[in-house]
Amino acid sequence: MSFVFPLVCLGKPEGLSGVLSLQAASVHGGWKPLLPPEPKTVLPQFLKFCEGAVMVAHNADFDMSFIIENCKRQGLPEEYTYVDTVGMARFLLPALNRFKLDTVAKAVGVSLDHHHRAVDDAACTAEIFVRFVEMLRERDISDVDTLNKQGNVSVNTIKKLSLIHISEPTRP
């Protein structure tokens, strides 16, 4: 796992009074910012980690757009199979008015304590996906092709969902 550290002072290095900065605490002999890992280093490691897996995300096109764009820049393969829990929610929870992560989580009884924190949102999405797989099993749906047929949606709805649900105003 790699965390990206901000290139800003998180505290006061002189005298170390007040909040101790992450950078100052981890560097002996002087104040130096920790540089975040570059995509050219992290992306190949991430892709190796994900090799052969299906990626799952809530509003997957948004997340995958960063991966795909950086793959293009590095000349890496950019075709990946991924599942969007928003598309799954539209099929499995059609009565919901909205399909935001916190709304879907609440609907399926998954806790989301720290919304908009990457690790917490990812863990929540994984739990939602597990619940959705259970719900699909109850309907005798065991693969994405069957899900697309049963849901009477196009093949790409689950794999690549449009961002329209974010940009359209809510209609009464």
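To keep things clear, this report deals only with the structure shown in the data block. From a predicted model like this one, the values you see are computed outputs, not experimental measurements. (Residues numbered from 1 in each chain as written. Predicted model: local features only at pLDDT ≥ 70, side-chain atom pairs only at ≥ 80, totals over all residues. Heavy atoms only, no water.)

**Topic: the packing of aromatic side chains**
This structure, assessed with the given rule, holds one aromatic pair. Between Phe62 and Phe66 the ring centres are 5.1 Å apart and the planes differ by 85 degrees, which places this aromatic pair in the edge-to-face class. Note that Phe62 and Phe66 are positioned in helix H3 (residues 60-74) at a spacing of four residues, about one turn of the helix. Taking the relative accessible area as the measure of exposure, Phe62 reaches 44% and is therefore partly exposed. (Phe/Tyr/Trp six-rings, centres within 6.5 Å; stacked < 30°, edge-to-face > 60°. Helix = DSSP H or I, 4+ residues; strand = E, 2+ residues; numbered from the N terminus. Buried < 20%, exposed > 50% of the residue type's maximum accessible area, 1.4 Å probe, protein only.)

**Some points on the nonpolar core**
Counting residues in hydrophobic clusters, the biggest one holds 21 residues, and the most contacted among them are Leu93, Ile128 and Phe132. Elements with a minimum of two residues in this core: helix H4 (85-92), helix H5 (101-107) and helix H6 (118-138). Counting 12 residues, the second-largest nonpolar core is a separate cluster that includes Leu47, Met55, Met64 and Cys71. (Core = buried A, V, L, I, M, F, W, Y, C linked by side-chain atoms within 4.5 Å.)

**Here we look at helix H2 (residues 39-50)**
Structurally, the α-helix is built with 3.6 residues per turn, so residues lying three or four positions apart point the same way. Across its 12 residues, H2 extends 15 Å between first and last C-alpha, which sits within 8% of the 16 Å expected from 1.5 Å per residue. Two residues or fewer after H2 comes Gly52, characterised by a positive phi angle close to 80 degrees. (Expected span 1.5 Å × (residues − 1).)

Distances and angles like these do not, on their own, reveal function.
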